[in-house]
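Reading the structure
Residue-level listing of the chains:
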Amino acid sequence: MSLLEINDLHVAIGEKPIVRGVTLAIRSGEVHAVMGPNGAGKSTLAKAVAGHPDYAITGGDVLLDGRSILDMEPDERARAGLFLAFQYPSEIPGVSIANFLRAALQARLGDGEELDASAYYRRLYEKMDMLKIDRKFTSRSVNDGFSGGEKKRCEILQMAMIEPKFALMDETDSGLDIDALKIVAEGAERLRGPGLGMLLITHYQRLLNYIVPDFVHVMHEGRIVKSGDKSLALELDAKGYDWVKKDLVPA
Amino acid sequence: MSDEPQTIALGPTAADNPAAGIDQSSGNFSYDMKYEFDAGSGLNERTVEYISSVKKEAAWLREFRLNALKTFQAKPLPTHWATRDLENINFDKIRYYLSSGQKPKRTWDEVPEDIKRTFERLGIPEQERKFLAGVEAQFDSEAAYSNIKETVAKQGVIFVNSTEALREHPEIFRKWFGKVIPTSDNKFSALNSAVFSGGSFIYVPPGIKVSHPLQAYFRINAENFGQFERTLIIVDEGSEVTYMEGCTAPKFSTATLHSAVVELVALKGAKIQYITVQNWANNVFNLVTKRGLAHEEAEIKWIDCNIGSRLTMKYPGVVLKGRKSRGEVLSIALANDGQHQDTGAKMVHAADETSSNIIAKSISVGQGRSTYRGVVHIPRHLKGCKNNTECDALLINTNSRTDTYPAITVRGDRHAVQHEASVSKVSEEQIFYMKQRGLTEGQAMSLSVNGFINDLARQFPMEYSVELKRLIDLEMEGSVG
């Protein structure tokens with residue numbers, strides 16, 4: 001059982017404060033959704049936790065199993081068990097998905113340890129079958145010329161192979177049509193389990209039809225202004241974010 | 001140029017040994033060698049005469065060398081188009097000839113332990129060391145090791161060093177020597193013509209497809225010691241050969257000069273593939289002239305990877321002399337901090353229906369600078385010629401610099417020419433993405449670079465693409481602060 005704690009976190013881009021005191025605790029097996037209007041600071045929260053160099057932590061702390069991760073490099077955080085599914089995944093021309101994932105898994109082994117290639121491919125194909133991904137996919141360069149849906153499936157496949165303790169899924173539904181959304185969301189739902197804590201960042205409720213969260217948090221102007229269970233998402237969908245802006249902004 | 005008489009040392013003492021007393025900290029390894037012949041430092045007629053006499057050369061060759069020296073002395077440095085860094089070469093401080101005095105060895109067992117240890121330190125894997133049993137490896141200015149696989153010898157292929165070739169095959173050597181690259185081609189081809197030593201000579205008789213790639217390893221092992229190998233490869237009608245050259249040099253504190261000349265002759269319908277992976281130390285001036293002459297329906301392909309060195313200037317070329325001949329240059333250059341890779345290609349179309357292809361990829365890291373310089377020449381009176389030129393540059397961090405000078409001269413309207421160039425960057429987002437998957441910054445950059453050159457590297461023989469990947473990994477690790 002692992003625990004990811006975000007304690008009164010403040011994040012700025014340049015001089016501009018974006019996240020202004022967020023507190024959140026996620027346990028293994030739990031699925032939390034963070035919803036909110038554009039500019040609420042949802043994506044900033046995810047990137048800051050992952051250690052993006054453009055985001056300065058100006059206050060608070062992030063703890064993984066009781067230990068602060070703020071002095072760790074992004075790759076150290078990743079190897080410690082944090083995974084960020086990107087809203088806009090980068091393209092890596094000339095590097096196949098299979099080689100990229102192999103390098104990522106190799107980086108998790110100790111000095112002198114060598115990844116077993118045949119076991120690796122066996123596992124890769126298993127995960128691909130589970131996620132209903134064509135095997136030809138792995139020989140393509142990472143995200144290079146991918147459609148929006150392919151990029152997101154590629155993120156889910158990486159998540160399946162890396163098996164993080166906590167996954168931060170940043171607007172995984174953005175830019176997808178309903179069919180692509182369904183495929184990606186069902187893939188993520190399959191990875192749900194007692195060993196994985198998930199933080200879903202989304203603008204719309206529709207993703208939550210496929211991955212039903214245990215907790216829903218509403219973010220506005222850099223703060224979590226309301227938390228509840230899955231019914232909060234439905235309420236939000238019915239009433240719109242104006243409801244949050246009007247009624248829920250704390251004094 | 002110094003007019004002082006040169007001290008010629010025969011049989012060195014410890015004080016004469018240039019490798020003695022050098023800090024051999026990690027990465028800077030060098031082993032004491034006993035140099036039996038030494039031309040001292042500096043260059044004048046006596047140096048050239050000394051080299052010629054030690055090698056017991058014929059009068060025509062001594063004349064050739066002395067004339068080349070005059071050409072070298074008369075020619076200015078090409079700083080009107082090339083970097084002024086060339087002015088920092090102190091020709092008086094360079095040692096022009098050293099020999100360990102050993103005859104080329106026939107088997108791996110006979111190779112001195114010192115040399116084996118150096119190969120080991122260079123990280124050449126076990127299989128590859130075994131593979132070396134079928135190669136010629138140059139150690140300093142003479143081949144320390146030479147062995148032709150029996151199958152290759154049975155095919156009638158001559159594969160010896162240039163000194164031995166002059167002695168044993170003078171008629172064929174002389175026929176082509178200096179014909180593809182004349183002494184006066186440039187200042188450094190003149191220098192090489194004056195003082196050359198070592199290098200390979202290959203002759204493939206008609207109708208033979210050489211079953212094994214022929215391979216040579218070169219390295220520099222003495223401070224201030226310039227290496228001037230001379231390679232001549234002649235492939236007779238309808239024959240094929242692949243030659244592989246790998247260079248790794250230990251690091252020394254003062255600048256070293258490497259100035260080779262490589263001439264290829266592909267007779268009617270012949271195919272030559274010449275592959276180079278070079279990794280020079282940061283202080284090496286690597287100024288190499290490489291050119292091939294392609295007769296009718298012949299094909300010459302240069303695969304050239306340049307990593308390291310202070311300054312590399314190298315533009316492998318093909319003179320497409322015969323109808324329907326083909327020339328190709330695939331080039332990869334990596335310029336790290338303090339390095340300048342000035343590389344490219346030359347394609348001279350001199351017959352109808354000739355075609356050429358140039359794909360150049362450069363990577364600039366930190367303060368590294370890479371320059372693509374290309375010449376494609378198609379004259380008006382020809383018809384049906386084709387050229388494709390692609391130059392791609394990858395920049396890693398904002399201080400790096402890249403320039404492209406593609407001079408494509410096409411006259412007449414019966415030709416097809418294509419040119420594409422691109423510049424891309426390894427962005428911070430891309431590095432963050434890869435780090436988020438658990439890769440260190442060095443591993444991430446290495447992967448980006450390997451991806452960038454992947455489509456070219458795939459065309460290399462397996463052991464070379466593995467070695468290239470390893471070199472890039474090392475370079476990228478070192479470039480992360």
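The rules we used
- Note on numbering: residues in each chain are counted from 1, in written sequence order.
- By the order in which they are written, chains take letters starting at A while ligands take numbers starting at 1.
- Given that the model is predicted, a residue must reach a pLDDT of at least 70 before its local features are reported, and side-chain atom pairs must reach 80 or more before they are shown or counted; all residues, however, enter totals for whole chains, interfaces and linings.
- Secondary structure elements are taken from DSSP: a helix is a run of H or I of four residues or more, a strand is a run of E of two residues or more, and numbering for both begins at the N terminus.
- Note on contacts: each residue gets a C-beta atom placed from the backbone, and two residues are in contact if those atoms are within 7 Å.
- Every C-beta atom is placed from the backbone, and the number of other C-beta atoms within 10 Å of a residue's own sets its class: buried at 20 or more, exposed at 12 or fewer, partly exposed in between.
- Two strands pair if DSSP finds at least two bridges between them.
- Helix span is expected to be 1.5 Å times the residue number reduced by one.
- In this classification, Asp, Glu, Lys and Arg are treated as charged, Ala, Val, Leu, Ile, Met, Phe, Trp, Tyr, Cys and Pro as nonpolar, and every other residue, Gly included, as polar.
- As used throughout, a nonpolar core is a set of buried Ala, Val, Leu, Ile, Met, Phe, Trp, Tyr and Cys residues joined through C-beta atoms within 7 Å of each other.
- The domain limits used here are those given by an automatic or database domain assignment.
- A fitted line through C-alpha atoms serves as each axis, taken over the contacting stretch for helices, and the angle formed by two N-to-C directions is quoted from 0 to 180°.
- Two helices that cross are described as forming a left-handed crossing if the nearer one is turned anticlockwise from the farther one by less than a right angle, and a right-handed crossing if clockwise.
- Values of pLDDT, ranging from 0 to 100, describe the predictor's confidence in every residue of the model.
- Read the arc as the range of directions from the helix axis to the C-beta atoms.
- An angle counts as roughly parallel when it lies under 35 degrees, as roughly antiparallel when it exceeds 145, as roughly perpendicular when it falls between 65 and 115, and as oblique in every other case.

1. A look at the overall build of chain A
- A tally of regular secondary structure across chain A gives 8 helices and 12 strands.
- Along the three orthogonal principal directions, the C-alpha set of chain A runs to about 60 × 40 × 35 Å.
- For chain A, the proportion of contacts with a sequence separation of at least 24, taken over those separated by at least 6, is 72%.

2. Here's the deal with the overall build of chain B
- Each helix and strand in chain B was counted, giving 11 helices and 24 strands.
- Taken across its 481 residues, chain B has 54% of its residues classed as buried.
- Counting contacts in chain B only where the partners sit at least 6 residues apart, residues at least 24 apart contribute 82% of the total.

3. Some thoughts on the sheet that holds strand β1 (residues 3-13) of chain A
Residue and element names in this part refer to chain A.
- Pairing is antiparallel in the open sheet, where 4 strands are placed in the order β2-β1-β4-β5. Unpaired on one side and paired on the other, β2 (16-27) and β5 (67-68) mark the two borders of the sheet.
- The sheet contact formed by strand β4 (residues 56-64) and β5 spans 2 bridges and is antiparallel. Bridged to L63 within β5 is S68.

4. A few points about unusual backbone geometry
- For K132(A), which is not a glycine, the phi torsion comes out positive at approximately 55 degrees.
- Within the secondary structure layout, K132(A) lies in the loop between α4 (117-130) and β8 (141-142).
- Positive phi is not limited to glycine here, since K324(B) has a value of about 60 degrees.
- Summarising the element assignment, K324(B) is placed in the loop between β17 (317-320) and β18 (326-335).
- For K324(B), a count of 17 C-beta atoms within 10 Å gives the class partly exposed.

5. Concerning helix α5 (residues 148-162) of chain A
- Taking 1.5 Å per residue as the helical rise, α5(A) with its 15 residues ought to reach 21 Å, and the 21 Å between its terminal C-alpha atoms agrees with that figure.
- A positive backbone phi angle near 50 degrees is found at E163(A), which sits one or two residues after α5(A).

6. Concerning the pairing of strand β10 (residues 197-202) of chain A
All names here are of chain A.
- Taking burial as the measure, the 6 residues of β10 include 6 buried ones, the bulk of the element.
- Of the two faces of β10, both are covered, the one formed by G197, L199 and I201 as well as the one formed by M198, L200 and T202.
- Here strand β3 (residues 31-35) pairs with β10 via 5 bridges, running parallel. Bridge pairing in β10 links V31 to M198.

7. Describing the interface of chain A and chain B
- Between chain A and chain B, the contact holds 23 residues from the first and 18 residues from the second.
- Of all the elements in the fold, those that place two or more residues in the side of chain A that touches chain B are α2 (74-80), β7 (92-96), α3 (97-106) and α5 of chain A.
- Of the residues contributing to the side of chain A that touches chain B, the split by class is 14 nonpolar, 5 polar and 4 charged.

8. Some thoughts on the nonpolar core
- Membership of the largest hydrophobic core comes to 187 residues, with the highest contact counts inside it found for L168(A), I202(B) and L264(B).
- For this core, the leading source of residues is helix α10 (residues 441-457) of chain B, giving 8 residues.
- Each of domain 1 (9-314) and domain 2 (428-481) of chain B gives at least three residues to this core.
- Apart from the residues within four sequence positions on either side, I202(B) is in contact with V157(B), I158(B), F159(B), L214(B), I233(B), V241(B) and Y243(B).

9. Section: the sheet that holds β10(A)
Residues and elements named next belong to chain A.
- Pairing is mixed in the open sheet, where 6 strands are placed in the order β6-β9-β10-β3-β11-β12. Where the open sheet ends on each side, the last strands, each with one partner, are β6 (82-85) and β12 (223-228). Taken pair by pair, the neighbouring strands of this sheet meet at an average axis angle of 20 degrees, ignoring direction.
- Looking at chain direction, strand β9 (residues 166-170) and β10 are connected through 5 bridges and run parallel. Within β10, the position partnered with L168 by the bridge is L199.
- Of the strands in this sheet, β3, β6, β9, β10 and β11 (215-220) are in contact with helix α1 (residues 42-50), which crosses β9 at around 145 degrees.

10. Considerations on the packing of α3(A) against α5(A)
Residue and element names in this part refer to chain A.
- At a minimum axis distance of 10 Å, the contact between α3 and α5 shows a crossing angle of 35 degrees. Crossing angle aside, the handedness with which α3 passes α5 is right-handed. Taken together, the residues of α5 that come into contact with α3 (itself represented by I97, L101, A104 and L105) are C154, Q158, M161 and I162.

11. Concerning the confidence of the model for chain A
- For chain A, per-residue confidence averages 92 on the pLDDT scale, and 98% of positions sit at 70 or higher.
- In the model of chain A, helix α8 (residues 241-247) of chain A stands out as the element of lowest mean pLDDT, 73, in contrast to β6(A), which has the highest, 98.

12. Some thoughts on helix α2 (residues 59-74) of chain B
All names here are of chain B.
- Across its 16 residues, α2 extends 23 Å between first and last C-alpha, which sits within 8% of the 22 Å expected from 1.5 Å per residue.
- Among the residues making up α2, those that are buried are F64, R65, A68, L69 and F72. What you see down the axis of α2 is that its buried residues fit within an arc of 140 degrees, all on one side. With respect to the buried face of α2, the exposed residues turned more than 90 degrees away are A59, W60, E63 and A74.
- Those residues of α2 that are buried are in contact with α1 (45-54) and α8 (187-195).

13. Some points on the confidence of the model for chain B
Residue and element names in this part refer to chain B.
- Summing up the model confidence of chain B, the mean pLDDT is 80 and the portion of residues at 70 or higher is 75%.
- Taken together, the stretch residues 127-146 has pLDDT below 50 and engages in 68 contacts with residues farther than four places along the chain or on a different chain.
- Contacts from residues 249-254, a stretch scored under 50 in pLDDT, to residues over four places away or in other chains number 22 contacts.
- Overall fold confidence for the complex sits at a pTM of 0.80, while the interface term, ipTM, reaches 0.96.

14. Let's talk about the environment of G195(A)
- Tracing the sequence through the fold places G195(A) in the loop between α6 (178-191) and β10.
- Separated by 193 residues in the primary sequence, G195(A) and S2(A) have C-alpha atoms spaced 8.1 Å apart.

15. Section: the environment of S184(B)
Residues and elements named next belong to chain B.
- Turning to its location among the elements, S184 is positioned in the loop between α7 (170-176) and α8.
- According to the C-beta neighbour criterion, S184 is partly exposed, with 16 such atoms within 10 Å.
- Separated by 262 residues in sequence, S184 and S446 have C-alpha atoms that sit 41 Å apart.
- For S184, the contacting residues outside a window of four places in its chain are T71 and A190.

16. Thoughts on the packing of α5(A) against α6(A)
All names here are of chain A.
- Across the interface, α5 lies against α6 with an axial gap of 9 Å and an inter-helix angle of 5 degrees. Judged by the inter-axis angle, α5 sits roughly parallel to α6. On α6, the residues touching G148, G149, K152, R153, I156, M159 and A160 of α5 are A180, I183, V184, G187, A188 and L191.

17. Concerning the environment of G240(A)
- Residue position: G240(A) is located in the loop between α7 (230-239) and α8.
- For the pair formed by G240(A) and G36(A), sequence separation is 204 residues and the distance between their alpha carbons is 9.7 Å.

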